[in-house]
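Read off the chains here:
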Amino acid sequence: MAFRPQTRRRVLAVGLAGCLAIAVVDQAAPSATAPLRRAAAEIVSPVQDVFTGHDDEIARLTRERDEARRSSADTRSNAADLAALRTLRGSVAADGRTFLAAQVVGFTPGVTVGRLKQVTIDAGSSDGVRTNLTVIAAGGLVGRVVSVSTRSATVQLLTDPSSVVGVRVGDDRLLASLASTAPAGLPGREAGLLTVRIAGLTPAKVGDRVTTLGSIEETPFVREVPVGTVVAVDPDRGQGGPTAVVRPAVDPTRLDLVGVVFPAGSVPARPAIRGGS
């Protein structure tokens, strides 16, 4: 049975007034109030049960609401993770490669604001992850695994000052190296931008695509993974060869789902995913 708020207040007021009157008489003549106490108990108990039942109902509805919210949040999160995994699987970076999906769960900032050095992922040696494996995202290259524990691993990002990656630039497939620091004689790069140093004398062009050169046995880097795009060409200021500014294909400050790539013939300890259709 449910009472309207105004009715509940009136019932409560009457009950409290009765209890107060009984308490006054009880102090003056305890033996005389025994019948009154029994009567009050019979009157107040149902009222108390109504309010207690009302509180229990509110508590139950609150629990159900909270559980529904958590369930809805979990559903949305699972849907987002599945969509991200599908995007990664269908990306150029993952095409034809075997990779283990992992989530970024931590990061190490660099000395420059907005520039990260490393991230931590939730896959480790128990999953078959080892050092010097390539790490990708849907957009392209993230970095390489540099240390591993049982259930996590540390990934060195391209924006780490100590990171150097062999790459090819443009349609001419120019040999070059990629780093986060600018050569001597040139101003420092904006946060997130990288520097490519061409091995020969042919300069890069704005719009040139940069991809990984690859490594022996595909460690630490597999071949032909998108790295970024040339957005500016540096003037010749005695830096020892043509250099250019590269915007990376992956923003390290927005990393979430990544893939640890396993070389051909290497199998992770838990089920992996094959990129492409």
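Every value quoted in this text rests on a predicted model; they were computed, and no experiment measured them.

Before going further, it helps to examine the sheet that holds strand E10 (residues 226-233). Read around the closed barrel, six strands run E6-E7-E8-E11-E10-E9, paired in antiparallel fashion. Taken pair by pair, the neighbouring strands of this sheet meet at an average axis angle of 40°, ignoring direction. In this sheet, strand E9 (residues 209-212) lies alongside strand E6 (residues 164-169) in antiparallel orientation, the contact comprising three bridges. Following the sheet pairing, Arg168 is matched in E9 by Thr211.

Turning to unusual backbone geometry, a few remarks are in order. Residue Pro220 is reached from Thr219 by a cis peptide bond, and omega for that bond is 5°. Structurally, the position occupied by Pro220 is in the loop between E9 and E10. Although it is not a glycine, Arg173 adopts a positive phi angle of roughly 55°. With respect to the helices and strands, Arg173 occurs in the loop between E6 and strand E7 (174-179). For Glu218, which is not a glycine, the phi torsion comes out positive at approximately 60°. In this structure, Glu218 sits in the loop between E9 and E10. Judged by relative accessible area, which is 30%, Glu218 ranks as partly exposed.

Relative to the helices and strands, Ala123 is located in the loop between strand E2 (116-121) and strand E3 (134-137). When the C-alpha positions of Ala123 and Ser152 are compared, they lie 4.5 Å apart, and in sequence the two are 29 residues distant. Sequence-distant contacts of Ala123, defined by excluding residues within four places in its chain, comprise Leu100, Ala102, Val129, Arg151, Ser152, Ala153 and Arg270.

Pairing of strand E1 (residues 98-109) with strand E13 (residues 273-274) involves two bridges; the strand directions are antiparallel. Following the sheet pairing, Thr98 is matched in E13 by Arg274. With six bridges joining them, E1 and strand E12 (residues 257-262) adopt antiparallel strand pairing. Residue pairing in the sheet places Leu100 in a bridge with Val260 of E12.

Turning our attention to the confidence of the model for the protein chain. If pLDDT is low for a region, its predicted coordinates should not be looked at in detail. With 75% of its residues at a pLDDT of 70 or more, the protein chain shows a mean pLDDT of 82. For the stretch residues 22-26, pLDDT sits under 50, and the model shows seven contacts to residues farther than four places along the chain or on other chains.

As for its position among the elements, Thr134 is in strand E3. Filtering out sequence-adjacent residues up to four positions away, Thr134 remains in contact with Leu141, Gly143, Glu218, Pro220, Phe221, Val222, Gly259, Val260 and Val261.

A few words now on the pattern of salt bridges. In the structure shown here, the tally under the stated rule is five salt bridges. Between Arg223 and Glu224 there is a salt bridge; the shortest N-O distance is 3.8 Å. For Arg223, a relative accessible area of 48% translates into the label partly exposed. By relative accessible area, Glu224 is classed as partly exposed at 30%. Two residues, Arg254 and Asp251, come together in a salt bridge whose shortest N-O distance is 3.4 Å. Residue Arg254 is classed as exposed on the basis of its relative accessible area of 69%.

Judged by nonpolar contacts, the single largest core of 28 residues is most densely connected at Val167, Val169, Leu178 and Val196. Those elements giving two or more residues to this core turn out to be E1, E6, E7, strand E8 (194-198), E10, strand E11 (243-248) and E12. Ignoring any residue separated from it by four or fewer positions in sequence, one finds Leu178 in contact with Leu158, Ser163, Val164, Val165, Val167, Leu194, Thr195, Val196, Val227 and Val246. One finds Ala102, Leu116, Val129 and Val155 within the second-largest nonpolar core, a separate group that totals 20 residues.

This next bit is on the pairing of E7. Two strands pair when backbone bridges link them, and E6 and E7 are joined in this way by six bridges, in the antiparallel orientation. When the bridges of E7 are listed, Arg168 appears paired with Leu175. The turn joining E6 and E7, which pair antiparallel and follow one another in sequence, is formed by four residues; a positive phi near 70° is taken by Gly170. Relative to E8, E7 runs antiparallel, the two sharing four bridges. Residue pairing for E8: Leu178 is matched across the bridge by Val196.

Calculation rules
- Note that residues are indexed from 1 along each chain, following the sequence as it is written.
- Where totals are concerned, whole chains, interfaces and linings use all residues; where local detail is concerned, this predicted model gives features only for residues with pLDDT of at least 70, and gives and counts side-chain atom pairs only at 80 or more.
- To obtain the side-chain values, all non-hydrogen atoms of the structure were included, while hydrogens and water were left out.
- Here a strand pair is declared whenever DSSP counts at least two bridges between the two strands.
- In DSSP terms, a helix is any run of H or I states spanning at least four residues, a strand is any run of E spanning at least two, and both are numbered starting from the N terminus.
- Axes here refer to lines fitted to C-alpha atoms; in helices the fit is confined to the stretch in contact. Angles between the N-to-C directions go from 0 to 180 degrees.
- Burial classification: accessible surface area is computed with a 1.4 Å probe over protein chains only, and a residue below 20% of its type maximum counts as buried, one above 50% as exposed, and the rest as partly exposed.
- Working rule for contacts: check all heavy atoms of both residues, and any pair within 4.5 Å makes them a contact.
- The predictor's confidence in any single residue is recorded as pLDDT, a number from 0 to 100.
- A carboxyl oxygen of Asp or Glu within 4 Å of a side-chain nitrogen of Lys or Arg is what we treat as a salt bridge.
- Residues enter a nonpolar core if they are buried and are Ala, Val, Leu, Ile, Met, Phe, Trp, Tyr or Cys, with the set joined through side-chain atoms within 4.5 Å.

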